[in-house]
Each structure stands twice: as C-alpha cells, then as structure tokens.
Amino acid sequence: MQESTNQYDLVFEGGGAKGIVFVGAMQEFESRGYTSRRLIGTSAGAITATLLAARYTAEELLDATMERTPNGKPRFSTFMDTPEAFSERAIENSFTFDVFRSIDIPLVPEWMEKQLDQRIFNQLMKLDIYREIFSFVERGGLYAGNKFLEWIREKLNAKGTNLGNATLSEFYQQNQKDLSVVASDTTAQEMLVLNHRTAPQCPVAWAVRMSMSIPFVWQEVLWKREWGTYQNQDLTGHTIVDGGALSNFPLDLVISRDKEVLDVMGNTDPDGADTLGLLIDESAEVPNSRAPADDDEESGLASHVQHLRVVRRIKRLVDTMMQARDKQVIEAYQDKVCRLPAKGYGTTEFDMSDARMEALIEAGRNAIQKFFSQTPPV
C-alpha cells in the first residue's frame, strides 16, 4: 500500500482558454501544503505544467492570467496574432498564389497579366484578413502564434531563471522538475511526449508552442534540425500540432507501467507520489458566471474575421475536439480525476471578461476543495 504523501504527479488536460480554471485549482492545492513531483499536460495543460515546473506559485499563475495590455484587454487575447508579411519564396511556392495566377483575364497580354497578378496579390497581402486566410491555407492556422511564444519565453525568463531559450535538458538540470508536454506529429502520425529524456535538445518554449497549436487556429510548427531528435528519431521538417489531436488528457502516462510508457516517462517509483488528474468538464456549470454579452457572441476570435463562416466552423470544431476524452483511462481511475467546471466557456475565449474569468477560477478552487474532502490523500 502506498505510504501517505503530500506529493502528487499532476496531469493537466488541454482546453484552450478554459485552462484558466487550473489557476483556482492550484490555489487550493497549494494552500493545503501539497507539492508536485512529475507534471504533464496537453495544450493549455502544457502551459500550466511548464510554469509550475518553472517554480511559479499559484498566485504568480493568477498574476500572469490577469495580465492586461496597455489598452486594458487581457494579454491572452494577443495570442491570436495576425501573421506578418510572408517571404517572396513562401508566396511564390504557395497553392494560393498558383490559383490566383491561373485566372485568365480576357484581352490582357500574358506579360501584363503576370505583372497585374503580382501587384494585386501584393495589395491583398497588406490586408490582415487576407494574410490570415493565406496562413490558414498554407500554414494550417489563422494565427501566427508568435505573441504566445514571446509570452512564454518572457515568463520563463522571469524571476532570474533565464529559461526562455533553455532546452528541455537544461530546464530539467536547473529545476529538477520532471516536466512532459504532449504534442502530435501529423507527419509520422504519432503522439510526442516531449521531455528531457525523449527530446533533450528541444527548447521548452517551442515544446509548449507545439503542444498548444490547435489545428486551424494557430500555424503548424515544423520541427527544426537544431532541436535534435525525438527518441533518436530525426523529425526535421515534420509537422507538429496540438497534443489534443491524439491525447488531450494523458493520465495513462503517469499510471501505466508498460515498457513504451516507461521509455518516455522514465522508470519513476509509482509509490513515491499519488496521482491527480485535472480534467476540464464542459458539462459542469460554473456558478456565478455571466454569459458573454449578445454583442460579444464570438468572444475569443479576432473581430475582423468573425463574419467568416469558416471561422465560425473552426470555433465549433475546436470546442468539439477539445471535449474529447481518454474515456477508458478516466473511467478506470475516477478516484484520481478531479473534474473542473467549464460549461459555457469557449476554447478560444481568450478575451473573456474579468467577471467570467474570476468565476472560472473560483470554480476550479471549489472543485479541488470538494475533491480532497471526498478523497483524502492515502
């Protein structure tokens, strides 16, 4: 029988903006004197796991969550950043430009038509909305994700740790925290569990950026040669997206003793800590949450593309995808899973109001409190 312990292996589910609920959960977790041993997460869960592994306290997580831009908007809303100008080579080799050039303008000489094509396309690329469409078609997502990368590096550099450009190996050596983030390799069609064992040369910031790259929302990430190998496999040029595409709640990775799991997670003593999975439950009501205003129905998506039907479809698809469950594992280990309410909150609702944010955080705090009152540590 496992000895009594205040240390936990923490598993964080993916869920985009709904991951704000983790802040309240960690406030209650920390107030009880509990600590973490291993941390693993997908997408929003990867962000939380990484900051905790970087020695962020629950209050510091709250400060990061409540951060505002100079114009008063949530800083999280900047993560939906319009792509900047694309290189001439990227444009020349694009399917989008090929289609554009295939249009024949009657009575216009070919040499003049080529010049017109280039000029018109150049003008189109000056429009934010067209660059987003170009990015969606050519890069697999509307938004660049550069603002998120800047943010996570800033947070990793804070407190004098200077971990913004650290590799997973360097991160572990400095913090001695066993961090894993889950991503999906769509080229090899396999799940990636990125940590200091499997991908030691991969930068932490890029590992998290890959894990949160929700398909069709943020641009896909191409694995760079300088990031080294994954389990001795060369992934150079492979397309990597959100881990939720394959495992949105990787609870089995801290429970299973199968060889393939031990190969990525290490042969860690299973009795050295209890396991706590933090699951975002879209079926559970959030008390005192105010629904978005009628004029803010599409909250979380850039206002200048809200009218596009494709964007509305993406939003519904993303919310559906992030509700996926690793059902078999959850049902088998229900006593290790705390369900955090998030009904009515959108995966891409990064610009939610203070009132909605505070209600979500409070719901997370109450859920953990209830969980431990019903399931005390063994």
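See the structure above.
Let's talk about the overall build of the protein chain
Next up, step 1: Broken down by element type, the protein chain carries 15 helices and 12 strands.
Next up, step 2: Looking at the protein chain as a whole, 54% of its 378 residues qualify as buried.
Next up, step 3: Counting only contacts in the protein chain whose residues sit at least 6 apart along the sequence, the fraction spanning at least 24 positions is 79%.
Next up, step 4: Total accessible area computed for the protein chain in this model is approximately 17400 Å², and 49% of it derives from carbon and sulfur atoms.

Digging into the pattern of salt bridges
Next up, step 1: Here the structure, examined in full by the defined rule, presents 20 salt bridges.
Next up, step 2: Salt bridges linked by common partners bring E67, R75, E154 and K155 together as one network.

Quick look at helix α15 (residues 354-374)
Next up, step 1: In this model α15 runs 30 Å from its N-terminal to its C-terminal C-alpha over 21 residues, within 8% of the 30 Å that 1.5 Å per residue would give.
Next up, step 2: When we look at burial in α15, the residues that qualify are R356, M357, A359, L360, I361, A363, G364, A367, I368, F371 and F372.
Next up, step 3: Looking at the buried positions of α15, the neighbouring elements they touch are β1 (7-12), α1 (21-31), α3 (58-65), β11 (274-281) and β12 (337-341).

Describing the side chain of E28
Next up, step 1: Along the chain, the position of E28 falls in helix α1.
Next up, step 2: Residue class for E28 comes out buried when judged on its relative accessible area of 10%.
Next up, step 3: Among residues more than four places away in sequence, those in contact with E28 are R365, I368 and Q369.

Brief notes about the packing of α1 against α3
Next up, step 1: Running from amino to carboxyl end, α1 crosses α3 at an angle of 160°, the nearest separation of the two axes being 8 Å. Relative to α3, the element α1 lies roughly antiparallel. Crossing geometry of α1 relative to α3 is assigned as left-handed. Across the interface between the two elements, V23, M26, Q27 and E30 of α1 pack against A58, E59, L61, L62 and T65 of α3.
Next up, step 2: Taken together, the residues of the contact of α1 with α3 break down into five nonpolar, two polar and two charged.

Remarks on the pairing of β11
Next up, step 1: With eight of eight residues buried, β11 lies mostly within the body of the structure.
Next up, step 2: On β11, burial covers both faces: D274, L276, L278 and I280 on one face and T275, G277, L279 and D281 on the other are all buried.
Next up, step 3: With five bridges connecting them, β1 and β11 associate as parallel partners. Following the sheet pairing, Y8 is matched in β11 by D274.

Some details on the nonpolar core
Next up, step 1: With 97 residues, the main nonpolar core has L194, W223, L276 and L278 as its most contacted residues.
Next up, step 2: A per-element tally of this core places α15 first, with nine residues.
Next up, step 3: Those residues in contact with L194 that sit more than four places away from it in its chain are L168, L179, S180, V181, A183, A199, A207, M210, W223 and Y230.
Next up, step 4: Ranked by size, the runner-up nonpolar core spans eight residues in total, among them F86, F100, F121 and F134.

What to know about the pairing of β1
Each regular strand shows side chains that alternate between the opposite faces of the sheet.
Next up, step 1: Burial runs high along β1: five of the six residues are buried.
Next up, step 2: Here β1 pairs with strand β2 (residues 35-42) via five bridges, running parallel. Bridged to Q7 within β2 is T35.
Next up, step 3: Regarding topology, α1 serves as the crossover connection from β1 to the parallel β2, and that connection is right-handed.

Rules and cut-offs
Residues numbered from 1 in each chain as written. Predicted model: local features only at pLDDT ≥ 70, side-chain atom pairs only at ≥ 80, totals over all residues. Heavy atoms only, no water. Helix = DSSP H or I, 4+ residues; strand = E, 2+ residues; numbered from the N terminus. Buried < 20%, exposed > 50% of the residue type's maximum accessible area, 1.4 Å probe, protein only. Contact = heavy atoms within 4.5 Å. Areas by Shrake-Rupley, 256 points an atom, 1.4 Å probe, with all protein chains shown as cover. Salt bridge = Lys/Arg side-chain N within 4 Å of Asp/Glu carboxyl O. Expected span 1.5 Å × (residues − 1). Axes fitted to C-alpha atoms, helices over the stretch in contact; angles between N-to-C directions. Parallel < 35°, antiparallel > 145°, perpendicular 65-115°, else oblique. Left-handed = near helix turned anticlockwise from the far one by under 90°. Nonpolar A, V, L, I, M, F, W, Y, C, P; charged D, E, K, R; others polar. Pairing = 2+ DSSP bridges. Core = buried A, V, L, I, M, F, W, Y, C linked by side-chain atoms within 4.5 Å. Right-handed = clockwise from strand over helix to strand, strands pointing away.

Any functional reading would require information that these geometric values do not contain.
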